[in-house]
Amino acid sequence: SLSSSSILTSSQTSQSVPSILDLTPAEETLIQLIWAVRNKYSPRTTIRIAGGWVRDKLIYGKETPSRDVDLVLSDISGREFAEFVGRYVEEENERTLKKGHDDGMDHHREDDDDD
């Protein structure tokens, strides 16, 4: 489980390497989405964040947000995972819309009729 606005890295080998990375709110939301998708559709998949994003987080922390987050997936293709993300987002949108409708958020007012 992720703590708020941080992600754990692998075990520390030097005091100069942080054990926790500071995340921007957007990065935190993205990582929460990635974990939710993994947990729902592919719970055995190991996901690792790799590449320049990790380097920039280790060196600069929150000061240098990145739009490029590379994922390494243990047992499914990137295309499959992307399809799971699309499905998850679509289902969440439908659930949110249904919840809004069920909560009486239908804005049609019957008393607007002129009699």
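Cut-offs and rules
Residues numbered from 1 in each chain as written. Predicted model: local features only at pLDDT ≥ 70, side-chain atom pairs only at ≥ 80, totals over all residues. Heavy atoms only, no water. Core = buried A, V, L, I, M, F, W, Y, C linked by side-chain atoms within 4.5 Å. Buried < 20%, exposed > 50% of the residue type's maximum accessible area, 1.4 Å probe, protein only. Helix = DSSP H or I, 4+ residues; strand = E, 2+ residues; numbered from the N terminus. Contact = heavy atoms within 4.5 Å. Patch = residues over 30% accessible without salt bridge, like charges linked within 9 Å, V, L, I, M, F, W, Y side chains within 5 Å. Areas by Shrake-Rupley, 256 points an atom, 1.4 Å probe, with all protein chains shown as cover. Salt bridge = Lys/Arg side-chain N within 4 Å of Asp/Glu carboxyl O. pLDDT = per-residue confidence, 0-100.

Some remarks on the nonpolar core
Counting nine residues, the largest nonpolar core is built from Ile 34, Val 37, Tyr 41, Ile 47, Leu 73, Ile 76, Phe 81, Phe 84 and Tyr 88. Of all the secondary structure elements, the ones that give two or more residues to this core are helix 1 (25-41) and helix 3 (78-102). Not counting the four nearest positions on each side in its chain, Phe 81 is found in contact with Ile 34, Val 37, Arg 38, Ile 47, Leu 71, Leu 73 and Ile 76.

Points about the environment of Ala 82
Looking at the secondary structure, you find Ala 82 in helix 3. Its relative accessible area of 46% is what places Ala 82 among the partly exposed residues. A C-alpha to C-alpha distance of 9.5 Å links Ala 82 and Val 37, two positions 45 residues apart in sequence.

Examining a nonpolar patch on the surface
A contiguous nonpolar surface patch, about 300 Å² in accessible area, is contributed by Leu 58, Ile 59 and Tyr 60. Turning to its location among the elements, Leu 58 is positioned in helix 2 (residues 52-60).

Concerning the confidence of the model for the chain
Confidence along the chain averages 79 in pLDDT terms, with 72% of residues attaining 70 or more. Least confident of the elements in the chain is strand 1 (residues 6-8), whose mean pLDDT is 47; most confident is strand 4 (residues 70-73), at 96. Per-residue pLDDT stays below 50 along residues 1-6; that stretch engages in eleven contacts with residues further than four places along the chain or on separate chains. Scored below 50 in pLDDT, residues 8-15 shows seven contacts in the model against residues more than four places distant or in partner chains.

Here's the deal with the environment of Ile 20
Here Ile 20 lies in strand 2 (residues 20-22). Relative accessible area serves as the criterion here: at 41%, Ile 20 is assigned to the partly exposed category. Along the sequence, Ile 20 and Leu 58 sit 38 residues apart, while their C-alpha atoms lie 9.1 Å from each other.

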